[in-house]
Amino acid sequence: MLARRPRNPLQALQRRTQELKLQVDGLLSESQLKEALEASKRRDIYQSIACSLFPVWDVGVVMFERALYSMISSKKISFQVLSNIHTVRATWQPKKPKTWTFSPQVTGILPCLLDGDCFIRSNSSSPDLGILFELGISYIRNSTGERGELSCGWVFLKLFDASGIPIPAKTYELFLNGGTPYEKGVEVDPSVSRKAHGNVFHQMMMMRRQPQLLVKLRSSNRRSRNLLSLLPETLIGSMCSIHLLIFYRQILGDVLLKDRMSMQSADLISNPVLATFPKLLEQPDMMDALRSSWAEKESTLKRSEKRDKEFLKAMFLLVYHNCMVPLLHSTLLPPYRWAEEETEAARWKVITDFLKQNQDGEGGLQALLSPHGVHEPFDISEQTYDFLGELRKNTA
């Protein structure tokens, strides 16, 4: 039997003292922490949606689309929407219809509409700021064939505590509320009430059956913060589209700050990218096509070329003109409609066929001049960018 090594209490005390010193040196007082947060204004927070649980609906109603809508909101001003509304499509298994999942495993690139990995950016550090989640379904009635959309729960996640400090980056289990954010005490599923009934064990079982949404928040690293700093001050969107938004913002900055003859000029600007990119954001399949085309182009670039920002912008413009401009104005491409499988399949076939033609070396110009391609009559709006357009609409 080995003899037990005698313990030196002095060494143990010195080691413990050193550990405590390191911990104390790494901590900030509460006042210093507030000052640091106010100075850096930590506004960029990642949102990774995991899964959610919901009740099964009546047999007379067929659900063919499930989606999660998220937006930046403030509880202080009656859940007023302070940003754009970002949509993530949910997937589910026939054996588990109550469970909705996000970011499924797919072959190739994950469509941006299915990507549950999102970013949150806001210029406000108000304690009342948060993310308002609403879950909805698209349905069809078997008896009448009526189509419609229905909200099936909502929840609000505050991003800051009462003292203005960001909430911890972890996974949150959020119990859903029924009705609208302006109503209180409405249950999503009345058969599973949150009100206390029975013994403690029964209450615990009922809470486990409550519809809930799992949301994972994680902090942004330095590289992600640098990318997000190039975006608008208030925005919510998909992580997979950040690089495309940055290209658009850089091109917009060049046009407004460098290329204009006078900073006082409010004339219309001829630029097809600025004129059509906002329309692209409303069509997720077109954004996926742009992501795919740019990823293919980027894979052919050298390291030195990837470090050259001006060269990357020029290549992005080339990809956009070759792929997106002909597609956007093709009569073969059906109008985008939400939750219509036949339309989505038809659109994707047109998009994939066109991208394949580009891969074969025909290019956008060849597609525009081809007798097989039918395009809409040219309109000046395809080239015209009006940076005061929204202001003119509001004042009209």
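Residues numbered from 1 in each chain as written. Predicted model: local features only at pLDDT ≥ 70, side-chain atom pairs only at ≥ 80, totals over all residues. Heavy atoms only, no water.

*Asks:* Whenever I open this one, the pairing of strand S10 (residues 171-175) confuses me. Can you help?
*Replies:* It is a general feature of regular strands that their side chains alternate between the two faces of the sheet. Where burial is concerned, the two faces of S10 differ: the one with Tyr172 and Leu174 is buried and the one with Thr171, Glu173 and Phe175 is not. Taken together, the 5 bridges between S10 and strand S11 (residues 212-219) define a ladder with antiparallel strand orientation. Residue phenylalanine 175 lies in a different strand from S11, and its bridge partner there is glutamine 212. (Buried < 20%, exposed > 50% of the residue type's maximum accessible area, 1.4 Å probe, protein only. Helix = DSSP H or I, 4+ residues; strand = E, 2+ residues; numbered from the N terminus. Pairing = 2+ DSSP bridges.)

*Asks:* What exactly am I supposed to notice about the side chain of threonine 343 here?
*Replies:* Structurally, the position occupied by threonine 343 is in helix H10 (residues 341-359). With near-sequence residues (within four places) excluded, threonine 343 lies in contact with Pro334, Pro335 and Arg337. (Contact = heavy atoms within 4.5 Å.)

*Asks:* Could you clarify how one ought to interpret the packing of aromatic side chains in this entry?
*Replies:* The relation between two aromatic rings is expressed through the spacing of the ring centres and the mutual angle of the planes. Tallied over the entire structure, the rule returns 8 aromatic pairs. Summarising the aromatic geometry, the rings of phenylalanine 79 and tryptophan 154 are spaced 5.6 Å apart at their centres and angled 70 degrees between planes, so their arrangement reads as edge-to-face. Of this pair, phenylalanine 79 sits in the loop between strand S2 (61-74) and strand S3 (80-81) while tryptophan 154 sits in strand S9 (residues 147-158), placing them 75 residues apart in sequence. Pair check on accessibility: phenylalanine 79 and tryptophan 154 agree, each one buried. Ring centres 6.4 Å apart and planes at 35 degrees place the aromatic pair phenylalanine 277 and tyrosine 320 in the tilted group. Of this pair, phenylalanine 277 sits in helix H6 (residues 272-281) while tyrosine 320 sits in helix H9 (residues 309-328), placing them 43 residues apart in sequence. One exposure class covers both phenylalanine 277 and tyrosine 320, and it is buried. Among the aromatic residues, ring-to-ring pairing joins Phe247, Tyr248, Phe277, Trp294, Phe316 and Tyr320 into one connected group. (Phe/Tyr/Trp six-rings, centres within 6.5 Å; stacked < 30°, edge-to-face > 60°.)

*Asks:* Got a minute to help me understand the environment of asparagine 84 in this structure?
*Replies:* Of note, asparagine 84 is situated in the loop between S3 and strand S4 (86-89). Among the residues examined, asparagine 84 registers a relative accessible area of 31% and is labelled partly exposed. Distance from asparagine 84 to leucine 235, taken between C-alpha atoms, is 6.4 Å for residues 151 residues apart in sequence.

*Asks:* Where do I start with the state of the cysteines in this structure?
*Replies:* One way to say it: the disulfide is the covalent bond shared by the sulfur atoms of two cysteines. Within this structure, the stated rule accounts for 0 disulfides. For cysteine 240, which is in no disulfide, the shortest distance to another cysteine sulfur is to cysteine 112 and amounts to 5.3 Å. Looking at cysteine 240, the relative accessible area reads 14%, which means it is buried. (Disulfide = S-S within 2.5 Å.)

*Asks:* How should I be thinking about the environment of arginine 291 in this particular structure?
*Replies:* Tracing the chain through its elements places arginine 291 in helix H7 (residues 284-298). Relative accessible area serves as the criterion here: at 10%, arginine 291 is assigned to the buried category. Spatially, the C-alpha atom of arginine 291 lies 8.4 Å from that of cysteine 240, the residues being 51 residues apart in sequence. With sequence-adjacent residues up to four places away left out, arginine 291 is seen in contact with Ile109, Leu110, Pro111, Cys112, Cys240, Ser241, His243 and Leu244. For arginine 291, the side chain forms a polar contact with the main-chain oxygen of leucine 110, separated by 2.9 Å. (Polar contact = N/O pair within 3.5 Å; in protein donor to acceptor, adjacent residues only side chain to side chain.)

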